Amino acid sequence: MDDFLAARSQMALSLGFHIIYSCIGMVMPVFMAISHYKWIKTQDPVYKNITIAWSKGVAIFFATGAVSGTMLSFELGLLWPGFMKHAGPIFGMPFSLEGVAFFIEAIALGLFLYGWNRLNNWVHWTAGIIVGVSGVASGILVVSANSWMNSPSGFDFVNGQYINIDPVKAMFNKAWFTESLHMIIAAFSATGFAVAGIHALMIYRKKNIAFHTKAFKIAIIFGAAAAILQPFSGDLSAKNAAKRQPAKLAAMEAYFHTREYAPLVIGGIPDTAAKKVNYGLEIPGLLSFLVHDNFKTPVNGLDKIPVKNQPPVAVTHYAFQIMVGIGVLMMLIGIIYFYELWKKKDLLSKPWFLKTFIWATPLGFIALEAGWTVTEVGRQPWIIQGVMRTSEAVTPMPGIQYSFYLFSFIYFTLSVAVIFLLKRQIQMVPELYDRKTA
Amino acid sequence: MMLYIVILFLFAAITLYFLLGGADFGAGIIELFTSTDNKHRTRKIMYQAIGPIWEANHMWLIITVVVLFVGFPVIYSEMCIYLHIPLLVMLLGVIARGTAFSFRNYDAIKDEKTQAFYTHIFVYSSFVTPLFLGIIAGSALSGQIDPKATDFVHAYIFSWFNWFSVSVGFFTVALCGFLAAIYIVGETEDVDEIKRYIRKAKIMNVAAVICGSLVFLASHFEHVHLANWIFGNPVSLVAVIAATISLSVLYLIISHRRNRQWIRVLAAFEVCMILISVGFSRFPRFVIFKDGSSMSLLAEHANSNSIDDLGIGLMVGSLFILPALGYLYYAFKKKER
Ligand code: HDD
Ligand code: HEM
Ligand code: HEM
């Protein structure tokens, strides 16, 4: 494995790992705060138990999210010093603010976790809310940093020099809103479905039904609502990407030749050499419609982009198909949930219903990883779109593959450890929380 | 002007990380050197003392990194290139420590075997992390980083693997242990415990003095003019003298076992003085190279817009953070209801 590939793989691995923990760390506190609120209002001990059980999960995820995030802030420099040397001051604004948000989050989490029996109920509750709000704020901020890489602004690039730097403009670049919006919704839908799925499994196995039913309901309301909004926000993202990164859009759609009535290709196997897609389903005009709101206007294809500036088409296309496929599926499940809720059916006694959610447990996270693959691989070969190539950014130190192997091992071990711990949390629910608590 | 504010925040973050994070590492170091029969008790006190705040302590490191890469990107990227390996090891330590600590506390089933496993990871990584932090700091200042080196070993290994850096590493470990022992003395009420921790603090202090002498010895081998740095300018000299005096006062108070809050303040003061002494003598140089050239905080900074925004961000941020942090510490000083 050469050093460049190793560096990219290590970065992708670390981010792919971090994103799972950070999304859970961002959304779970919100769920926790809601159940806490219900407990304070109704004094129903089940809600207190849910809050405590979730807060332990949050602590585990937070720690893993925090250490993997710390890794990332170093890895940006360890792997991409050429990038950070120039980009640091330009896109650093969201990172500094993010630092502030994290700090507040960590303090509030400390208060929340250790505050039972120490703090006044409402102060305690507020601490939980602050954890959630600052988590979401950091998510938005860090994604604006990433969106700057897709849509660089706030500086002029003249003769290889970065001048007239304006960090605030860089933060509010053209992509920040659509990307952050889509990301936050994704975090809610993925976490909501995952949490709901686990509780559905427990209901299905007829364990501690009172506990798991209440937990399921809190999680799924958010998950389903977010899943329904997601495709709309995705459409905004795609329109935005088409404007700023036509190469990415073309790779997502595996769309090789510019033409009128541009078709949307569903599925298929892109053949980059022959510049066509085999076995795909083409819907004429739909891509034109999605990008330009009319069926005729041509959409720029890969033929408009010099080969050396084209991203890997197959990976981007497959990842996009996975994300959109899952997105549509999750939206349907969300609609079914709300429909049945509206009909006031007793859903949770129906095995098919529970099974659907059990199967849907990992879907959101798969879509999340796929979505990032679209964004990041679709930006290649650029690390800063149109300004700096990824290969110019990589560290000169040789031997990165060993560091990549090491990291793969560590992330693998950590994932196993977290799954192990969660299993034990769930295993202990009957003993810890289901005695007729007073 | 804003540049100086940013630099002030940088040094403040480093110092606070050293003090608070250091006490936190030290907790693990002490656990490592505690006889098995006392381990249980030690762990309980540690947990009470650092549990609520360890996550916040860790943030000072992140602030340091962010200030470096936003404000001093060239320094940050050069350090990342030549000190890649020690940074990596330190990071592995941070990961292992953080996760082991929280897994140990939040594992729903607390059986002996897994607890012992987490503890193992926790204590060893508590040792490795500050060791490598010290090595990194030592290497930045030791003048062993050689951008002209052409082979791997000289460019990426000897830049940090040298007598001076490594002895600074051990010195850091000893100081962390010392800080932790002192911190915990102020935390418990039990007279026996206090005695035990005072003894531990003394041992760690002796260790620090030994390692400190090693640093001086090594500086001689590596041609680092440490004595010159410290005694060569008045501020550093005064700082070192203040550190020595505070240490003696500390011993006086300890041996009379009076006001325990003062012990903490003095210990923190002593460590600050050591940092100030070295920091001031090197300022504004942050990284020194083998050929005697250096990277200065006053020269290698980002453009003025970024520095201004960073400075404002830090100032506004601290308006939120400091009161919140104060409240956190305060809330846990109160007893459980
Ligand atoms: C639960 C996860 C999830 C789901 C169901 C979807 N997405 Fe997504 N998508 C993401 C999670 C995600 C993501 C991982 O969060 C990304 C990566 C970067 C970002 O901002 O969001 C993303 C990126 C992303 C991009 C690239 C944006 C860019 O590069 O700026 C587009 C065009 C879409 N999405 C479009 C869609 C559409 C049309 C969906 C319809 C069903 C959809 N996404 C469902
Ligand atoms: C957490 C969500 C993210 C995921 C899952 C993710 C995923 C990836 C992937 C898959 C790659 C490799 C692409 C390739 O080499 O073909 C990559 C590269 C990279 N990403 Fe991201 N990314 C995320 C967010 C971010 C953010 C927020 C930043 C910076 C602010 C960032 C910075 C980079 C950099 C510097 C590279 C290296 C260049 C490259 O190899 O493409 N990423 N990321
Ligand atoms: C899109 C990608 C990302 C999202 C949505 C995201 C979001 C978050 C969130 C919500 C947290 C809080 C941890 C928790 O609650 O569990 C977190 C932690 C952290 N993230 Fe990320 N992050 C992303 C990528 C990155 C990148 C690229 C970096 C570094 C350059 C980074 C640096 C950090 C750091 C340092 C922490 C630890 C903060 C702490 O100790 O609380 N993150 N991230």
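Here the structure is a predicted model, which is why all the values come from computation and not from measurement.

About the criteria used
Residues numbered from 1 in each chain as written. Chains lettered and ligands numbered in written order. Predicted model: local features only at pLDDT ≥ 70, side-chain atom pairs only at ≥ 80, totals over all residues. Heavy atoms only, no water. Core = buried A, V, L, I, M, F, W, Y, C linked by side-chain atoms within 4.5 Å. Buried < 20%, exposed > 50% of the residue type's maximum accessible area, 1.4 Å probe, protein only. Helix = DSSP H or I, 4+ residues; strand = E, 2+ residues; numbered from the N terminus. Contact = heavy atoms within 4.5 Å. Phe/Tyr/Trp six-rings, centres within 6.5 Å; stacked < 30°, edge-to-face > 60°. Near = heavy atom within 4 Å. Polar contact = N/O pair within 3.5 Å; in protein donor to acceptor, adjacent residues only side chain to side chain. Nonpolar A, V, L, I, M, F, W, Y, C, P; charged D, E, K, R; others polar. Donors = N, O, S within 2.8 Å, 3.2 Å for Na, K, Ca; no water. Tetrahedral: all angles 85-135°; square planar, octahedral: opposite > 155°, others 65-115°.

Undergrad: Can you lay out the nonpolar core for me, pointing to particular residues and giving the numbers?
TA: Residue and element names in this part refer to chain A. By size, the foremost hydrophobic cluster in this structure holds 205 residues, and its most contacted members are Phe83, Trp148 and Phe216. The element that contributes the greatest number of residues to this core is helix 2 (residues 45-79), accounting for 19 residues. Among residues more than four places away in sequence, those in contact with Phe83 are Gly88, Phe91, Trp148, Met149, Ile383, Ile384, Met388 and Ala393. Met252, Leu287, Ala319 and Val374 belong to the second-largest nonpolar core, a separate cluster that totals 15 residues.

Undergrad: Any details on the environment of Tyr411(A)? Residues and values, ideally.
TA: Residue and element names in this part refer to chain A. Structurally, Tyr411 can be placed in helix 14 (residues 400-433). Along the chain, Tyr411 and Ser68 lie 343 residues apart, while their C-alpha atoms are 9.1 Å from each other. When sequence neighbours within four positions are dropped, the list of residues in contact with Tyr411 reads Leu13, Ser14, Phe17, Ser68, Met71 and Glu75.

Undergrad: I'd like a description of the packing of aromatic side chains, backed by residues and values.
TA: Residues and elements named next belong to chain A. Across all of its chains, the model carries 30 aromatic pairs over all chains by this definition. Ring centres of Phe91 and Phe95 lie 5.1 Å apart, and the angle between their planes is 75 degrees; on these two criteria the pair is classed as edge-to-face. Pair noted here: Phe91 and Phe95 are both in helix 3 (residues 81-113), with a separation of 4 residues, about one helical turn. Here Phe95 falls in the buried class, since its relative accessible area comes to 12%. Between Phe91 and Trp148, the aromatic rings sit 5.3 Å apart at their centres with planes inclined by 45 degrees, giving tilted as the arrangement. With a gap of 57 residues between them, Phe91 in helix 3 and Trp148 in helix 4 (residues 121-150) connect regions that are remote in the sequence. Across this residue pair, the class does not change: Phe91 and Trp148 are buried.

Undergrad: Now, about the site of ligand 3: what can you tell me, with residues and values included?
TA: For ligand 3, the set of nearby residues contains 28 residues, the closest of which are His18(A), Ser22(A), Phe62(A), Phe102(A) and Glu105(A). Mapping the residues near ligand 3 onto chains gives chains A and B. One nitrogen or oxygen atom from the main chain of Gly25(A) is found 3.4 Å from an oxygen atom belonging to ligand 3. Listed by contribution, the elements that provide at least two residues to the shell around ligand 3 are helix 1 (3-42), helix 2, helix 3 and helix 4 of chain A together with helix 3 (54-71) of chain B. With 9 residues, the single largest contributor to the shell around ligand 3 is helix 2 of chain A. In terms of residue class, the shell around ligand 3 is built from 16 nonpolar, 9 polar and 3 charged.

Undergrad: I'd like a rundown of the coordination of the iron atom of ligand 1, residues and numbers included.
TA: All names here are of chain A. Donor atoms from the polypeptide that bind the iron atom of ligand 1 are His182 (NE2) and Met323 (SD), placed at 2.1 to 2.3 Å. Angles of 82 to 179 degrees at the metal separate the 6 donor atoms of the iron atom of ligand 1, which places the site in the octahedral class. In this pair, His182 sits in helix 6 (residues 176-204) while Met323 sits in helix 10 (residues 313-342), placing the two residues 141 residues apart along the sequence. A relative accessible area of 16% means that Met323 is categorised as buried.

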